[in-house]
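Here's the letter readout for the chains.
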Amino acid sequence: MPVREILKQPDDRLRQKADAVLTFGASLEALVEELEETMRAGTGGVGIAAPQIGEKLRLIVVDCRASLRPCKNHGLLYMANPFVDEIDGESLGREGCLSVPDWVGMVPRAKTIRVSFDDLLGNRQQIESTGFEARVIQHEIDHLDGILFTDRVISTKTLVRRL
Ligand code: ZN
């Protein structure tokens with residue numbers, strides 16, 4: 001599976017609202033594999049959303065196991081049509097993005113989320129996630145609505161170049 005090109009800000013395709021995944025099966029699995037490989041090819045990629053490779057679909061991949069920020073996590077997650085059902089608490093943390101290279105900023109997010117999604121077979125699942133993994137899931141779901149972390153930084157003063 002080839003590593004795909006990651007779209008970078010200010011590409012307009014990053015600002016579109018993505019469409020629901022309606023077809024499950026081999027073609028979706030192939031796309032998810034490409035997403036995962038593209039995520040792993042980037043430095044420190046812990047999540048990626050389909051619109052970042054120009055696919056206008058509500059599909060994300062999250063894997064926080066390799067993060068330097070240890071957290072309780074669910075390992076590798078493939079999520080189609082993810083939706084945050086419940087939120088609890090608040091946390092402020094540093095974020096970066098494969099589509100906004102070289103920049104990091106402080107972003108407020110819900111600390112704990114209950115998120116439902118379709119697995120690759122189209123079966124609805126729900127998990128509870130907290131801490132860094134919950135942050136990554138919220139960041140990736142934002143991509144499906146054309147939102148970048150730079151829209152959510154607590155202050156543009158916290159937006160700094162990555163060293
Ligand atoms: Zn991102």
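A brief structural summary.

Basis of the calculations
Residues numbered from 1 in each chain as written. Predicted model: local features only at pLDDT ≥ 70, side-chain atom pairs only at ≥ 80, totals over all residues. Heavy atoms only, no water. Donors = N, O, S within 2.8 Å, 3.2 Å for Na, K, Ca; no water. Helix = DSSP H or I, 4+ residues; strand = E, 2+ residues; numbered from the N terminus. Buried < 20%, exposed > 50% of the residue type's maximum accessible area, 1.4 Å probe, protein only. Core = buried A, V, L, I, M, F, W, Y, C linked by side-chain atoms within 4.5 Å. Contact = heavy atoms within 4.5 Å. Pairing = 2+ DSSP bridges. 1 Å grid on protein atoms, 1.4 Å probe; cavity = no way out; pocket = protein on both sides within 12 Å on 5 of 7 lines; lining within 4 Å. Points joined across faces, edges and corners; volume = space filled by probe spheres on them. Nonpolar A, V, L, I, M, F, W, Y, C, P; charged D, E, K, R; others polar.

Structural notes on the coordination of the zinc ion
Every protein donor of the zinc ion is accounted for by C97 (SG), H139 (NE2) and H143 (NE2), and the metal-donor separations fall at 2.1 to 2.2 Å. Each donor residue of the zinc ion belongs to the same chain, with the gaps between them written as C-x41-H-x3-H. In this pair, C97 is assigned in the loop between β3 (77–95) and β4 (103–118) and H143 in helix α2 (residues 132–144), connecting sequence segments 46 residues apart. In this structure H143 comes out as buried when scored by relative accessible area, which is 1%.

Describing the nonpolar core
Counting 19 residues, the largest nonpolar core has I60, V62, M79, V115, I127 and I137 as its most contacted members. Among the elements of the structure, β2 (59–62), β3, β4 and α2 are those that each provide at least two residues to this core. In terms of residue count, the dominant contributor to this core is α2 (six residues). Setting aside residues up to four positions removed in sequence, M79 forms contacts with R58, L59, I60, V115, F117, D118, I127 and I137. Membership of the second largest hydrophobic core comes to 15 residues, among which are I6, L28, M39 and I48.

Some remarks on the pairing of β2
Residue alternation in β2 divides its side chains into two sets, L59 and V61 and I60 and V62, and both sets are buried. As judged from the three bridges shared by strand β1 (residues 47–49) and β2, these two strands associate in the antiparallel manner. Considered in β2, the bridge of I48 is made with V61. Of the strand pairs in this sheet, β2 and β3 are connected by four bridges, and their pairing is antiparallel. In the sheet register, L59 faces β3, and the bridge partner there is A80.

Observations regarding the environment of I137
Structurally, I137 is set in helix α2. Looking at I137, the relative accessible area reads 0%, which means it is buried. As for I137 and D119, which are separated by 18 residues in sequence, their C-alpha atoms are 15 Å apart. Each residue touching I137, except ones within four places of it in the same chain, is listed here: I60, V62, L77, M79, I113, V115, I127 and S129.

Considerations on the layout of surface pockets
In this model, the largest pocket occupies a volume close to 710 Å³. As for the largest pocket, its lining consists of 28 residues, of which T43, G44, G45, V46 and R162 are closest to the centre. Listed by contribution, the elements that provide at least two residues to the lining of the largest pocket are α1 (26–41), β3 and α2. Residues that form the lining of the largest pocket fall into these classes: ten nonpolar, ten polar and eight charged. As a volume, the second largest pocket reaches approximately 160 Å³. The wall of the second largest pocket is formed by R58, P82, F83, V84, R109, Q138, I141, D142, D145 and R152. Among the residues making up the lining of the second largest pocket, the classes are represented as four nonpolar, one polar and five charged.

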